[in-house]
Amino acid sequence: MAVQRRNHMPTTYGYPGDCRRPTVWSGAVQVRYRYRLYPSPGQQQALARVFGGARVVYNDCLLVRDQAYAAGEKISDTEVQRRVITLAKATPERAWLAGVASVALVQACQDARRAYKNWFDSLKDRRKGPKIRHPKPRRKRGHQSIRLTRNGYALHGERLYVAKVGDIKVEWSRALPSVPSSVTVIGEPDGGYYASFVVQREPTPLPACEREVGIDLGLTNLVVTSDGEAVTNPRFYLAARRRLRRAQRVLSRRQQGSANRAKARHRVAVLHRRVRDTRLDHAHKTALRLVRDNQAVYAEDLAVSALMRTRLAKSVADAGWSQLTRCIQEKAAQYGRTFAKVGRFEPTSQVCSACGVKDGPKPLGVRQWTCPACGTVHDRDVNAARNILALGRRERLNACGTGVRAPLTVATGAEAGTRRSAT
Ligand SMILES: [Zn+2]
């Protein structure tokens, strides 16, 4: 791969790995690497066409499937694709699809198929996890993306070739660790373009260390560890709220379809993107510190979606717990450390971490309490973190099947690293 790292690192540092659901298999870790793209004006137009094509095909897929479902008709995946791509191209209103790279259209079909299947499986209780709603149609405005497999893109020297768009300039902020298996080209509402590559990365285990930690995620403190350390919640959205509100007010006063409205919309998008980027950057740094200093990190499996229906929704979203735990998970896999979530319904804030007596629920305002049985004075969050640590250790020992082995001797990362033969 002729991708070289150039010395532009500091300027593009704001776009580290995505931390979007890493998958671990056979030692190598599958991650996404994201780079800024600089398409020429002509290429931007071509990209807009592909985005549009993919969106239309995706929405048509949902429509065809919904109609078939309503009519009680069983429809095969190839038939859906034939109707929304091949047959659609023959109609005057969809003829323009012929000018769009078919790889992107086929991928859009598959995305729609998967979204539909996930919803359907969820409906029929064939899918674990929370209920999934009917897939939403893609919208013309906002985040746009196309997924391309190997036959839809190529790396031409320093540039990224996208079918029917051309060679796009890429800011290679860091070297790709492997040949990517696919790429998603993204157009953000603030006018930025990105390429997100799916790559395999070899784990680079850090020397083993003795420490293990439980973490309690919260709103006042983003993280409180069982060692008593606290990371305050930066509340990036709250900090930008004033500016955002003003920008949104300006936007709402601009006339529909005017150039000034587009400008105002851009301003709002930039502010949102900045909040998002700072939050992600902070999550990466916090996660790295936790993973580097500890052999194992345990966190609570929070019911984030349930909390999102409460009064605290905005604060919960702003904290970005899921993003943080995903970052920890990704880094633990990368550096040969362990990360595990403990059961959701454990009363971690009600049990004394010193003697194990359950003291009953306490209102959120109670930051400190004294155990009635052993007299230990507890900080609410540190106590919860200690319980999470104890739970995590116990669950891991149970998973190992032995009740005797000291948890510290299990070097998960090193083991995973030797199991590479399956590739
Ligand atoms: Zn106690």
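The structure under discussion appears in the preceding block.
Enquirer: Explain the overall build of the protein to me, please; I cannot follow it from the model alone.
Expert: Assigned secondary structure in the protein consists of eleven helices and 15 strands. The buried share of the protein, taken over its 423 residues, is 44%. In the protein, once contacts between residues fewer than 6 apart in sequence are set aside, the share between residues at least 24 apart is 69%. With an accessible surface of roughly 22800 Å², the protein has 52% of that area assigned to carbon and sulfur atoms.

Enquirer: Would you mind going over the packing of aromatic side chains with me for this structure?
Expert: To describe a pair of aromatic rings, you give the distance between the ring centres and the angle between the ring planes. One pass over the full model with this rule turns up eight aromatic pairs. When the ring of Tyr-69 is compared with that of Trp-119, the centres are 6.4 Å apart and the planes differ by 85 degrees; the resulting orientation is edge-to-face. In this pair, Tyr-69 is assigned in helix H2 (residues 41-70) and Trp-119 in helix H4 (residues 102-123), connecting sequence segments 50 residues apart. Plain terms: the ring middles of Trp-172 and Phe-197 are 5.9 Å apart, the flat faces sit at 25 degrees to each other, and that makes the pair stacked. Residue Trp-172 is located in the loop between strand E6 (166-171) and strand E7 (182-187), and its partner Phe-197 is located in strand E8 (residues 193-201); the two are separated by 25 residues in the primary sequence. Exposure class is identical for Trp-172 and Phe-197. Each is buried. Within the aromatic cluster, the residues linked to one another by ring pairs are Tyr-35, Tyr-153, Trp-172 and Phe-197. One cation-aromatic arrangement involves Arg-138 over Tyr-58; the distance from NZ or CZ to the ring centre is 4.0 Å.

Parameters and conventions
- Residues numbered from 1 in each chain as written.
- Predicted model: local features only at pLDDT ≥ 70, side-chain atom pairs only at ≥ 80, totals over all residues.
- Heavy atoms only, no water.
- Helix = DSSP H or I, 4+ residues; strand = E, 2+ residues; numbered from the N terminus.
- Buried < 20%, exposed > 50% of the residue type's maximum accessible area, 1.4 Å probe, protein only.
- Contact = heavy atoms within 4.5 Å.
- Areas by Shrake-Rupley, 256 points an atom, 1.4 Å probe, with all protein chains shown as cover.
- Phe/Tyr/Trp six-rings, centres within 6.5 Å; stacked < 30°, edge-to-face > 60°.
- Lys NZ or Arg CZ within 6 Å of the ring centre and 35° of its normal.

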